[in-house]
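Listed here are the chains, written in short residue letters.
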Amino acid sequence: MDNIIKAITSAVAGNRLENPAVANAYSKLKSLLRQKYGSDSDLVDAVERLEKKPDSPGRRAFLEEEFAANQVNLDPDIRKAAQKLLDALFPKPAAQKSTTQSPLQRPARPEHFTGRNAELEQLAEIVQPGHIVNLCGPAGVGKSALAAELVWKMTVRNQPPEMFPDGVVYHSFYTQPRTDIAVEEIARIFHEEPIPSPYEALNRALSNRRVLLVLDGAELADDLPGILAACNECGVLVTSRTCVDSITDQFPVGPLPAEAASQMFKAWAGWQTDDVTARIAGLLGGLPLAIRLAGQFVSAQKINAADYLAWLETTPLPQMSTEERPQNVLPLVLDYSLGQVSETARQALAVAGLLTLAPFDPEAVYKTLAIQPGHGLVSAIRGLFQQKQPRQVPQVRLALRELSKYGLLWWFGERFEISHPFIYTYAKQNLTPPPKAIRRLATYFMALAWEHGAAGPKGDSVLEADRVHFMHVMKECVEWTEWEAAHGLAAATEDYLDRQGYLADRITANEIGLIASWQLGRPSEGAWLGNLGDTYRTMGHAKWAIEHFEKALATARASGDRRSEGNSLGNLGLAYRDLGQIEQAKTYLKQAHSIFEDIRSPSAGLVHDWLMELEEMEDE
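Throughout what follows, the structure given in this document is the object of discussion. These numbers come from a predicted model, not from an experiment.

When helices and strands are tallied, the chain shows 30 helices and seven strands. Taken along the three principal axes of its C-alpha coordinates, the chain extends 90 × 65 × 45 Å. Nonlocal contacts in the chain, meaning residues at least 24 apart in sequence, comprise 70% of its contacts between residues at least 6 apart. Total accessible area computed for the chain in this model is approximately 28500 Å², and 49% of it derives from carbon and sulfur atoms. Each charge class in the chain was averaged separately, 62 positive and 78 negative side chains, and the resulting centres sit 4 Å apart.

The structure is reproduced here in structure tokens:
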């Protein structure tokens, strides 16, 4: 049963509203429903009908139907108010422990992991509650693999480690470098809404908890100290290409020993003679990523390792010292691998580099490479779902598998992912995507958002799998000055971000929409400002909200848009109400009410109810 329905039906049953705490919580929930859906709405009418006859199955069914039709369960404010009502209805004993299952987020377990047993044992001894450990070393040396293997060793039988009974949480800054978004996502794992700020929510989430937190790729984090400050009794394992000065426990990771490096090459390449594999592993500097790529190259080409060794001997590597090779080998190996793949495969990898480093639907690449430039975004979006598959799509499909065969992509299930952060960076810096590729990617995600955005929770679950990608593409559109695409993608995804309560992402989307609006002659400028104000108000930052609502009001008045003027005035009234400035709130709401009556807007009734509530507050 939905928690909001449960809260309402439980409250109106029997004599529970005689309890002051229950009555107060119920009143606040009902007031919120009136505010959001209107006092005269069928939804509020369904609640009031149930109040009169709580035992009626028909009235209960009517209530459930209205809540489902309006997707009330997606509103974070209402969910929060319903939870407070449930807490008042069913208070938990102080000593009762939560039965919520602890999270167990394990990174993918490395394949052909070898030669690190000593490091694993040492690491297991120092990763303790209250300790922060920094695995540091050059790109491709195996830091992330070592961290992943440790997590798998510690979580036997799919249970959290004994030292960390509250679970394991993993975040990759290679996927999302913004720490505020990482903090928000970690807080949500423990059912904490990111209000009034993600950092305060994280402090609540981790307070009195012992969690193992794995932070991968911390060299990209924009505020690592901010997240570490909240960890308290948690254990934290940080991987970074450079040593983080603020972390006391440094754990340098070096190249593999010669024998282990040779074994790893043979595991990827298949059977080869020992003297050749040992020489290859030595020239590759014992760097696990280079060894894997070399092994997969030999396997993909179906050649003898001696041929690969012959190529290595022609590079600058034999003249380098053992210490120099790990710093210089990866670009050479990648250049050689990419020199053997098709041009379509190179283009596909370039497009994948425009996404973020996370599993992606190959459709995004197929349609980006297949669609021919049209006369505008609308025609391109229509084409995405109406055109027949072009002949080159099978070539793209084969190209992705080709990249997987060479170890440049991982292929699992129905998705692909660039197989290492260094390869991702290399693709972005060295491969040129086709013209307008970022615009076509944005078009693809716009179409996806419009198609699934109206489908409710089921549609949102589809969009969730690609949220990190469309947010990244939105920012890439700004970098590429594709303003029309940035504006369209922000508009297509804003409602979804609002429904799901992704506050940091919603701020980003609306800021991008606002910037793009300025570049395009200020279309919808007031709407973007209003959305930003609404988000800040949701977070409890009334003053920031007022600043944006005032700008939205000025924009509406300048353009003569009476409906937007009324909306901005109403929003200002609510923001001042949040600050406790009742007279100022009433002034703005009265102006909004007058405009809505003039233009015969249904919002007039809603604003009238808000004014009545303010009158009641003053009487109290």
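Still to come is the rest of the account.
The next thing to look at is the environment of L86. Mapped onto the elements of the fold, L86 is located in helix 5 (residues 76–89). Taking the relative accessible area as the measure of exposure, L86 reaches 7% and is therefore buried. C-alpha separation for the pair L86 and P434, spaced 348 residues apart in sequence, amounts to 55 Å. Apart from the residues within four sequence positions on either side, L86 is in contact with N3, K6 and A7.

One recurring pattern in soluble globular proteins is that nonpolar side chains are buried together. Core analysis: the biggest nonpolar cluster contains 142 residues, and L123, L284, L403, F445 and V473 have the highest contact counts within it. With nine residues, helix 21 (residues 437–453) is the largest single contributor of residues to this core. When sequence neighbours within four positions are dropped, the list of residues in contact with L123 reads V133, L135, L146, L150, L237 and F251.

Glancing now at the packing of aromatic side chains. One pass over the full model with this rule turns up 15 aromatic pairs. With a centroid separation of 5.3 Å and an interplanar angle of 85°, the aromatic rings of Y536 and W544 are classed as edge-to-face. For Y536, a relative accessible area of 11% gives the class buried. Overall, W544 belongs to the partly exposed group, its relative accessible area being 48%.

Taking 1.5 Å per residue, 17 residues should reach 24 Å; helix 28 (residues 562–578) reaches 24 Å between its end C-alpha atoms and fits that length. Burial in helix 28 covers these residues: E565, G566, S568, L569, G570, L572, G573, L574, A575, Y576 and R577. One side-chain oxygen at the N-terminal end of helix 28 lies 3.3 Å from the backbone nitrogen of R563; it belongs to D561. Just downstream of helix 28 lies G580, where phi reads positive at about 85°.

Applying the stated criterion to the full structure yields 36 salt bridges. Residue K30 is joined to E51 by a salt bridge in which the shortest nitrogen-to-oxygen separation is 3.0 Å. You can see K30 sitting in helix 2 (residues 20–37) and its partner E51 sitting in helix 3 (residues 42–52), a full 21 residues away along the chain. We classify K30 as buried; its relative accessible area is 11%. Here R439 and E482 are joined by a salt bridge, their closest N and O atoms 3.3 Å apart. A residue pair is termed long-range when its members are at least 10 positions apart, and R439 in helix 21 and E482 in the loop between helix 23 (467–479) and helix 24 (483–500) qualify at 43 residues. We classify E482 as buried; its relative accessible area is 9%.

Scoring rules and cut-offs
Along every chain, residues carry numbers that run from 1 in the direction the sequence is written. In keeping with the model being predicted, local features are shown solely for residues with a pLDDT of at least 70 and side-chain atom pairs are shown and tallied solely at 80 or more, while totals for entire chains, interfaces and linings include all residues. Derived side-chain values reflect all non-hydrogen atoms in the structure, with water molecules and hydrogen atoms excluded from consideration. Numbering of helices and strands runs from the N terminus; a helix is a DSSP stretch of H or I covering at least four residues, while a strand is a stretch of E covering at least two. We call two residues in contact when some of their heavy atoms are within 4.5 Å. All accessible areas in this document rest on Shrake-Rupley with a 1.4 Å probe, and a residue is counted as covered only by the protein chains that are shown. For this count, His and the chain ends are skipped, Lys and Arg are scored as positive, and Asp and Glu as negative. Charge positions are represented by NZ for Lys, CZ for Arg, CG for Asp and CD for Glu. When a residue's accessible area, from a 1.4 Å probe over protein chains only, is under 20% of the maximum for its type it is buried; when over 50% it is exposed; and in between it is partly exposed. What makes a nonpolar core is a set of buried Ala, Val, Leu, Ile, Met, Phe, Trp, Tyr and Cys residues whose side-chain atoms join them at distances within 4.5 Å. Working definition: rings of Phe, Tyr and Trp (its six-membered ring) pair if their centres are within 6.5 Å, and the pair is stacked with planes under 30 degrees apart, edge-to-face with planes over 60 apart, and tilted otherwise. Residue count minus one, scaled by 1.5 Å, sets the expected span of a helix. Any pair of nitrogen or oxygen atoms within 3.5 Å is treated as a polar contact; in protein, a donor-acceptor pairing is required on top of that, and neighbouring residues in sequence qualify only through side-chain atoms on both sides. Here a salt bridge means any side-chain nitrogen of Lys or Arg lying within 4 Å of a carboxyl oxygen belonging to Asp or Glu.

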